[in-house]
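# Analysis of the macromolecular model
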Amino acid sequence: MSQKTYDVVGIGNAIVDVLGRVEEDFLEANGVQKGVMQLIDAERAIEIYGKMGPATEISGGSAANTIAGLGMLGAKSAYVGKVKDDQLGQIFAHDLRAQGAVYETAPAPKSNPDETGRCIVIVTPDGERSMNTYLGVTEHLTADDIDEAQVADAEWIY
C-alpha cells in the first residue's frame, strides 16, 4: 500500500479574520449585535472596518484554521478555498502557508467585483466577540478549483 502525500486536505470558506478591540458603546453606535455572528455585505464590511480603529488580520475560517493547526502539529496538510488576488487574499495565502499547509487554489482575478472574504471580529473589554462576516469570493469556489489528484492523495478530507 502506498503512502499518501497528505494526512488531511481541507476544503472550506477562505476568510481573513480582522480582529479589533472596541469599547461597549461602539456596538450600539454602529448597530452591531453583541456576541453573535451575522452575515454582512461588502459595503457593511468596509463601513465597520473604517470605524473600528487598529486591527490585526490573520487567515481564518474554521476549515482553514483546522488545517493550519494540523500543519503546525506536523501533519502534512493542504487546503482548498477561494480568495481574490487582493491584499487580504495575499494575507490569507501567506499565513496558511507559513503555518505549514500547502495552499495552491488559484485566486479570483483582480477584475472580480467581489473581494476576499473577511470576518470582522469586534472584541469588547469583557472579552466578548461580535463577528460580522462577509463571504466575498469564497462563495464562488467551484469543482474547477479542486485538484482531484491532491484530494485523492490525502488520507482524510475535512
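To start, this report covers the structure provided alongside it. (Residues numbered from 1 in each chain as written. Predicted model: local features only at pLDDT ≥ 70, side-chain atom pairs only at ≥ 80, totals over all residues. Heavy atoms only, no water.)

## A look at the sheet that holds strand β4 (residues 56-60)
The strands making up a sheet associate through hydrogen bonds between their backbones, and the pairing can be parallel or antiparallel. Stated formally: The pairing criterion is simple: DSSP has to find at least two bridges between the two strands. Runs of H or I in DSSP of at least four residues are treated as helices and runs of E of at least two as strands, each being numbered from the N terminus. Between N-to-C directions, angles span 0 to 180 degrees; the directions come from axes that are lines fitted to C-alpha atoms, helices contributing only their stretch in contact. Whether two residues are in contact is decided by their heavy atoms, any of which lying within 4.5 Å being enough.
Strand order in the open sheet made by the 5 strands is β3-β8-β7-β2-β4, with mixed pairing throughout. Of all strands in the sheet, those bounded by a partner on one side alone are β3 (37-39) and β4. Here the average twist between neighbouring strands, direction ignored, is 20°. Bridge analysis of strand β7 (residues 117-123) against strand β8 (residues 129-134) gives 6 bridges, and the strand direction is antiparallel. By the bridge assignment, C119 is partnered in β8 with T133. Taken strand by strand, helix α2 (residues 42-51) contacts β2 (15-21), β4, β7 and β8, and its axis lies near 40° from that of β7.

## Quick word on the sheet that holds strand β1 (residues 6-11)
Here we have 4 strands laid out as an open sheet, ordered β6-β5-β1-β9, and parallel in their pairing. Two strands bound the open sheet, and with one partner strand each, they are β6 (101-103) and β9 (154-157). Averaged over all pairs of adjacent strands, the angle between strand axes in this sheet comes to 25°, irrespective of strand direction. Pairing geometry for β1 and strand β5 (residues 77-80), over 4 bridges, is parallel. Within β5, the position partnered with I11 by the bridge is V80. On top of the sheet, helix α3 (residues 62-72) reaches β1, β5 and β6; it is set at about 160° to β5, its chief contact. Contacting β5 and β6, helix α4 (residues 87-98) runs over the sheet at an angle of about 145° to β6.

## Overview of the packing of aromatic side chains
Here is the rule: By convention, a stacked pair of Phe, Tyr or Trp rings (six-membered ring in the case of Trp) has centres within 6.5 Å and planes under 30 degrees apart, an edge-to-face pair has planes over 60 apart, and any other such pair is tilted. Using a 1.4 Å probe on the protein chains alone, a residue whose accessible area is under 20% of its type maximum counts as buried, one over 50% counts as exposed, and one in between counts as partly exposed.
For the coordinates displayed, the defined rule picks out 3 aromatic pairs. Look at Y79 and F92: their rings are 5.9 Å apart centre to centre, the planes differ by 50°, and that puts the pair in the tilted class. Here Y79, found in strand β5, pairs with F92, found in helix α4; they are 13 residues apart in sequence, far enough to count as distant. The exposure class of Y79 is buried, given its relative accessible area of 0%. Put simply, the rings of Y79, F92 and Y103 pair up and form one aromatic cluster.

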